[in-house]
Amino acid sequence: MGFSSETPVGSEVKVVIEHAPVKITTLVDGVEAVVFNANGAFEFERRKTKSEEDAPPPEPSPETFNSHTDSRPNGPMALSFDITFPDASHAYGLPERATTMSLRETKAADGAIATEPYRLYNLDVFEYEHDSPFGLYGSIPMLLGHSSRPPRVHGVYFNNPTELYVDVTKGGSSGGISSHWMAESGAFDLFIFPGPSPRETMRQYSMITGGTAMPPAFALGYHQCRWNYRDEADVAAVDAGFDEHDIPYDVLWLDIEHTDGKRYMTWDGATFPTPRRMIEDVASRGRKMVTIVDPHVKKDANYPVYKEAESKGLFVKQKDGVGDFDGWCWPGSSAYLDVTSPAVRAWWADKFSLKNYQGSTKDLYIWNDMNEPSVFNGPEITMQKDLIHHGNVEHREVHNAFGMYYHAATAAGIEKRNDGERPFVLSRAFFAGTQRVGPIWTGDNAADWNHLRVSLPMVLTLGATGLAFSGADVGGFFGNPDGELMTRWYQTGIYYPFFRGHAHLDTKRREPWLFGEPYTALIRAAIRRRYQLMPYLYTLFEEAHRDGAPVMRPLWYEFPNDPHAAAKEDAFMLGPALLVHPVTTQGASSVEVYLPAGVWYDYDTNEMHAGPKTFSVAVTLADTPTFVRGGHVIVRKDRARRSTRAMTHDPFTIVVAPDESGKYAYGEVYLDDGKSYAFEEKDAFSRRQIIFEDGDSLVCAAKWRGGSWGWTTHDAEQKHLEGDPLAFPEIAAEVERVIVLGPRRFGEDAEVRNKRKEIHLVSASGKEGSPAAATAVKKPGVVLAQDWSILFSVAD
Ligand code: NOJ
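Note that residues are indexed from 1 along each chain, following the sequence as it is written. Totals for whole chains, interfaces and linings use all residues, but because this is a predicted model, local features are given only for residues with pLDDT of at least 70 and pairs of side-chain atoms are given and counted only at 80 or more. Only hydrogens and water are set aside when side-chain values are computed; all heavy atoms of the structure are taken into account.

As recorded by an unreviewed UniProt entry, the chain carries the name Glucosidase II subunit alpha and is attributed to Micromonas pusilla. As its UniProt record puts it under Pathway (unreviewed entry), the chain is described as follows: "Glycan metabolism; N-glycan metabolism." UniProt positions are given in the numbering used here, feature names are shortened, and annotations may be inferred rather than shown by experiment. Listed in UniProt under the heading Subcellular location (unreviewed entry), the comment for the chain reads: "Endoplasmic reticulum".

## Here's the deal with the packing of aromatic side chains
Here a Phe, Tyr or Trp ring, Trp counted by its six-membered ring, pairs with any other such ring whose centre lies within 6.5 Å, and the pair is stacked when the planes are under 30 degrees apart, edge-to-face when over 60, and tilted otherwise. Evaluated as defined, the whole model comprises 51 aromatic pairs. Taking the centre distance of 5.8 Å and the plane angle of 65 degrees together, the rings of Phe 218 and Phe 424 count as edge-to-face. Taken together, the positions of Phe 218 in the loop between helix H2 (198–209) and strand S16 (223–224) and Phe 424 in the loop between helix H7 (395–417) and strand S25 (425–427) put the pair 206 residues apart, joining distant regions of the chain. The exposure class of Phe 218 is buried, given its relative accessible area of 9%. Using a relative accessible area of 1% as the deciding quantity, one classes Phe 424 as buried. Taken together, Phe 218, Trp 253, Tyr 365, Trp 367, Phe 424, Trp 441, Phe 469, Phe 498 and Phe 541 form an aromatic cluster joined through their ring pairs. By definition, being over a ring means that NZ of Lys or CZ of Arg is both within 6 Å of the ring centre and within 35 degrees of the ring normal. It is Arg 500 that lies over the ring of Trp 367; its NZ or CZ is 4.6 Å from the centre. Numbering of helices and strands runs from the N terminus, with a helix taken as a DSSP run of H or I at least four residues long and a strand as a DSSP run of E at least two residues long. Residue exposure (1.4 Å probe, protein chains only): buried if accessible area is under 20% of the type maximum, exposed if over 50%, otherwise partly exposed.

## Quick word on the UniProt feature "domain: Glycoside hydrolase family 31 TIM barrel" (unreviewed entry) in the chain
Using the residue numbers shown here, the UniProt feature "domain: Glycoside hydrolase family 31 TIM barrel" (unreviewed entry) corresponds to residues 212–540. As annotated, residues 212–540 comprises 34% helix and 13% strand, and the C-alpha atoms at either end are separated by 11 Å.

## Side note on the site of the ligand
Being near a molecule or strand, for a residue, comes down to having at least one heavy atom within 4 Å of it. Surveying the vicinity of the ligand reveals 13 residues, the closest of which are Asp 255, Asp 369, Arg 428, Asp 444 and His 502. Under this definition, polar contacts are N or O atom pairs within 3.5 Å; protein pairs additionally need one hydrogen-donor-capable and one acceptor-capable atom, and for neighbouring residues in sequence, both atoms have to be side-chain atoms. Within the contact set of the ligand, a nitrogen atom lies 2.7 Å away from a side-chain nitrogen or oxygen of Asp 369. For the ligand, an oxygen atom lies 2.9 Å from a polar atom in the side chain of Arg 428. Note on areas: Shrake-Rupley, 1.4 Å probe, and residue coverage restricted to the protein chains presented here. Considering the ligand on its own, with 300 Å² of exposed area, one finds that the protein chains cover 98% of that surface. Charged residues are taken to be Asp, Glu, Lys and Arg, nonpolar residues to be Ala, Val, Leu, Ile, Met, Phe, Trp, Tyr, Cys and Pro, and polar residues to be all remaining types, Gly included. Its residues assigned to classes, the shell around the ligand comprises 8 nonpolar, 1 polar and 4 charged.

## With respect to the UniProt feature "domain: Glycosyl hydrolase family 31 C-terminal" (unreviewed entry) in the chain
The UniProt record marks residues 548–634 with the feature "domain: Glycosyl hydrolase family 31 C-terminal" (unreviewed entry), using the residue numbering of this structure. Split by type, residues 548–634 is 5% helix and 45% strand. Its first and last C-alpha atoms lie 20 Å apart.

## Topic: the pairing of strand S36 (residues 632–636)
Every regular strand shows the same layout, with side chains that alternate between the two sheet faces. With respect to burial, S36 is a largely interior element, 5 of its 5 residues being buried. Between any two strands, at least two bridges found by DSSP are needed for them to pair. Pairing of S36 with strand S37 (residues 652–657) involves 5 bridges; the strand directions are antiparallel. Note on S37: the bridge partner recorded for Val 633 is Val 656.

## Points about the sheet that holds strand S20 (residues 327–329)
Backbone hydrogen bonds hold the strands of a sheet together, and the pairing may be parallel or antiparallel. What the 3 strands build is an open sheet, ordered S19-S21-S20; its pairing is antiparallel. The open sheet has two edge strands, strand S19 (296–298) and S20, and neither has a second partner. The average angle at which neighbouring strand axes cross in this sheet is 60 degrees, direction not considered. Lines are fitted to the C-alpha atoms to define the axes, a helix being fitted only along its stretch in contact, and any angle between axes, read from their N-to-C directions, falls within 0 to 180 degrees.

## Quick word on helix H3 (residues 232–244)
For an α-helix the count is 3.6 residues per turn, leaving residues at separations of three or four pointing the same way. What a helix should span is 1.5 Å times the count of its residues minus one. Here H3 is 13 residues long and its end C-alpha atoms lie 18 Å apart, about the 18 Å a rise of 1.5 Å per residue gives. Along H3, the positions that sit buried rather than exposed are Glu 232, Asp 234, Val 235, Val 238, Asp 239, Gly 241 and Phe 242. One or two positions beyond H3, positive phi appears at Asp 246, with a value near 55 degrees.

## Here we look at helix H6 (residues 342–350)
When we look at burial in H6, the residues that qualify are Val 344, Trp 347, Trp 348 and Ala 349. Note on contacts: a residue pair qualifies if any of its non-hydrogen atoms lie within 4.5 Å across the two residues. Contact partners of the buried residues in H6: helix H5 (304–312) and H7.

## A closer look at the pattern of salt bridges
Any two side chains of opposite charge can pair, so long as their charged atoms come close to each other. Counted as salt bridges are all cases of a side-chain nitrogen of Lys or Arg within 4 Å of a carboxyl oxygen of Asp or Glu. This model, assessed by the stated rule, comprises 52 salt bridges. In this structure, Arg 500 and Asp 473 form a salt bridge, with 2.8 Å as the shortest nitrogen-oxygen distance. Of the two residues, Arg 500 is situated in strand S29 (residues 500–501) and Asp 473 in strand S28 (residues 473–474); the sequence distance between them amounts to 27 residues. Judged by relative accessible area, which is 0%, Arg 500 ranks as buried. One network of salt bridges, in which partners are shared, links Asp 70, Arg 119, Glu 163, Glu 184, Glu 380, Lys 385, Glu 394 and Arg 396.

## Some words on the domain arrangement of the chain
Each domain of the chain was delimited in the assignment, giving domain 1 (2–209), domain 2 (217–296 + 340–378 + 395–547), domain 3 (576–623) and domain 4 (632–794). Taken residue by residue, the interface counts 11 residues in domain 3 and 14 residues in domain 4. At the surface where domain 3 touches domain 4, the tally comes to 0 salt bridges. Run the count over domain 3 and domain 4 and you get 2 residue pairs in polar contact (both at pLDDT 80 or more). If one sorts the elements of the side of domain 3 that touches domain 4 by residue count, strand S33 (residues 590–602) sits on top with 3 residues. Split by residue class, the side of domain 3 that touches domain 4 holds 7 nonpolar, 3 polar and 1 charged. In this entry, domain limits derive from an automatic or database-based domain assignment.

## Describing the pairing of strand S13 (residues 164–170)
Within S13, 5 of the 7 residues are buried, which leaves it mostly tucked inside the rest of the structure. In this structure, strand S10 (residues 118–120) lies alongside S13, joined through 3 bridges in antiparallel fashion. Within the sheet, the bridge partner assigned to Arg 119 lies in S13 and is Tyr 165. Looking at chain direction, S13 and strand S14 (residues 177–183) are connected through 7 bridges and run antiparallel. Considered in S14, the bridge of Val 166 is made with Trp 181.

## Describing the packing of H3 against helix H4 (residues 275–283)
It is the contact of H3 with H4, at a shortest axis distance of 11 Å, that shows an interaxial angle of 0 degrees. With respect to H4, the axis of H3 lies roughly parallel. For the pair H3 and H4, contact is made by Glu 232, Val 235 and Asp 239 and by Pro 275, Met 278 and Val 282, respectively. Taken together, the residues of the contact of H3 with H4 break down into 4 nonpolar, no polar and 2 charged. Working definition: roughly parallel below 35 degrees, roughly antiparallel above 145 degrees, roughly perpendicular at 65 to 115 degrees, and oblique for all remaining angles.

## Overview of the side chain of Ser 374
Looking at the secondary structure, you find Ser 374 in the loop between strand S22 (364–368) and strand S23 (388–389). Setting aside anything within four residues of it in sequence, one finds Ser 374 in contact with Asp 124, Cys 329, Tyr 336, Ile 381 and Arg 428.

## Some details on the nonpolar core
Note on terminology: a nonpolar core comprises buried Ala, Val, Leu, Ile, Met, Phe, Trp, Tyr and Cys residues joined through side-chain atoms within 4.5 Å. Judged by nonpolar contacts, the single largest core of 150 residues is most densely connected at Leu 337 and Trp 348. Setting aside chain neighbours within four positions, we find Leu 337 in contact with Pro 295, Val 297, Ala 309, Leu 314, Phe 315, Val 316, Val 344, Trp 347, Trp 348 and Phe 402. Ranked by size, the runner-up nonpolar core spans 33 residues in total, among them Val 656, Ile 690, Ala 727 and Ala 733.

## Description of the packing of H6 against H7
At a minimum axis separation of 7 Å, H6 and H7 run at an interaxial angle of 45 degrees. Taken as axis vectors, H6 and H7 run oblique relative to one another. The handedness of the crossing between H6 and H7 comes out as right-handed. Contacts between H6 and H7 involve Arg 345, Trp 348, Ala 349 and Asp 350 from the former and Tyr 405, Tyr 406, Ala 409, Thr 410, Ala 412, Gly 413 and Lys 416 from the latter. Here the residues of the contact of H6 with H7 sort into 6 nonpolar, 2 polar and 3 charged. For any helix crossing, the convention is left-handed if the near helix is rotated counterclockwise from the far helix by under a right angle, and right-handed if that rotation is clockwise.

Encoded structure:
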């Protein structure tokens, strides 16, 4: 059991350990925060001693599932324990399941069973239902307890990748929320995070399992996928379609049909005869491609991947530990690489070299699907638990981590192929730590409104358990969305950290322009907003990387003291500064929006609101109620372009949203080259803080954080002037507009200090004195990555 060494400034964490029976109480500022074994459920199968081992082995106790029998050669190995959050009123975590973010109790305090316990066992669940607590493709054994008064969040992480069950009970004898954890096997390895703020809890968790891998910038753009784009001409037409319709996108994806008979890393010669040329063509417009590579390997002696892996003994073994396991998946009879072995992972990574993956280029990235692993003829569509892995380890011991190992090996391969640049690999299965590898998506949802709605708690829960980079298939995988659902899904999906449209083989084509007007225009506007927010989003990803913070955040993350925010899952925060309440019901003419305490500015109209309040906002199909939080500064890029890459040199727009006093706002922006690790290895980044103070001055300066300054203004300027290859283009990008929201009127002139120029204030975009007013400074002539200030003259 471990405790994070980092305790928040100002909070005192104390651990009291009692014996016989064991009880471990974590106190934060004198108040019981997390209690281990309050209910005395700590039990485990005892490890056998040598003399017992010499005795006849215990009778194996086989278990049968459908026609599959689990031989359980080691007998029972289970363990269980309980964790109580005595002051919590909400529990979150334990993904992945299509259900509420605030977890419902599975067992009443009197022991009455409400539902099955939450199960964590990675499975390929066909046509999963919305609002079902059933466990899906990935697992993160992390649970958070939250109380609003006083505001506290604490967490626990159980580092065990075997099949788990967790019962959640509210308001038992020890009060708060208690949880009863049962593991099929594995070690007792538990971490407690005292928090007590959401930010601290997440940081403590990320110190144990890692922060989000810093994605390449293009990965934050829009991804266009479908099962399947038919051939090279189809790819060219879809790519051109985006340009013809002025819709930005970054990546075009190919599903399993592009291969030669589902032999991954090959191409169907009839439909994709010149893959390299195809990828180069897409890349010539600054975009990327992705192909799917699944973990099942077709058993075909003429398929080099199979042949080599088979001869080297790299596959998962049958329960006898000798023969290769044979399972059924897309290609038919298949073997599965034993990615729990470091040697197999290294071998697999090499398969992505340009030499090995014929027809690939450095602009081709990868999608790992079916890595739970999915085995069509296996128990519950996965592997038998008694199959044997590297080191004579049974599959049951590693099941929930299998997909992560596969994902990690693939990402290592792409990183190596691209000479150490940041990889991009999407995975379906995941475990705690997947965030260090790459994004995941929520699998095979459906084109219906309920699935759109439930995507929010799903993505929010992932963010709250350290997996910041996730999203749901925009449009819904199964079925055919109509124009309204498609439009609403894009308007929501632009805020998913991972933003991809995808559809099943049997669905109608649904590229954004196929819906006709007004839908195409509305989808275009939504996707453009995603790109407009790119500097803000990229900054949030850097925070996720460094601090484990979610990108798309539950309201309670930003407002832990607000009881109304605790279970809110129809709205969310994008970072600290934007509140979004997407429209997820059909035919909506209004939505009930809740704004927590503070001043808020409507993103579209600049209208000011004072929270806390719940109010009805009228919506047309064009509207998604979105609010900028007072006291914050957001940095945007407002010019519509075809891709992330095309925006690199574009100037910035700074939006200042003053707090209640009208005099203060704060924001940060993070810039780097968007592709390498020079930000870590050579401090080649620029982190700026932008502060609006005293109601009349805006100051931009370098920001020290995470043990590093990045480049100083001087470095950045020098490097740029000298043409240093590390001097990424954004280091020289100007600010083209500063918008100060709110009713405050400034005089005509503002003094810009940088190169000591004086400039004029120009036009206010709202009516003078109206609550919707905003003041805009156009072309202040400053470079964002340099130190500067603007002093407004105050008229009122
Ligand atoms: C299952 C995945 O979840 C889906 O996204 C994909 O299109 C199909 N497999 C085919 O590869």
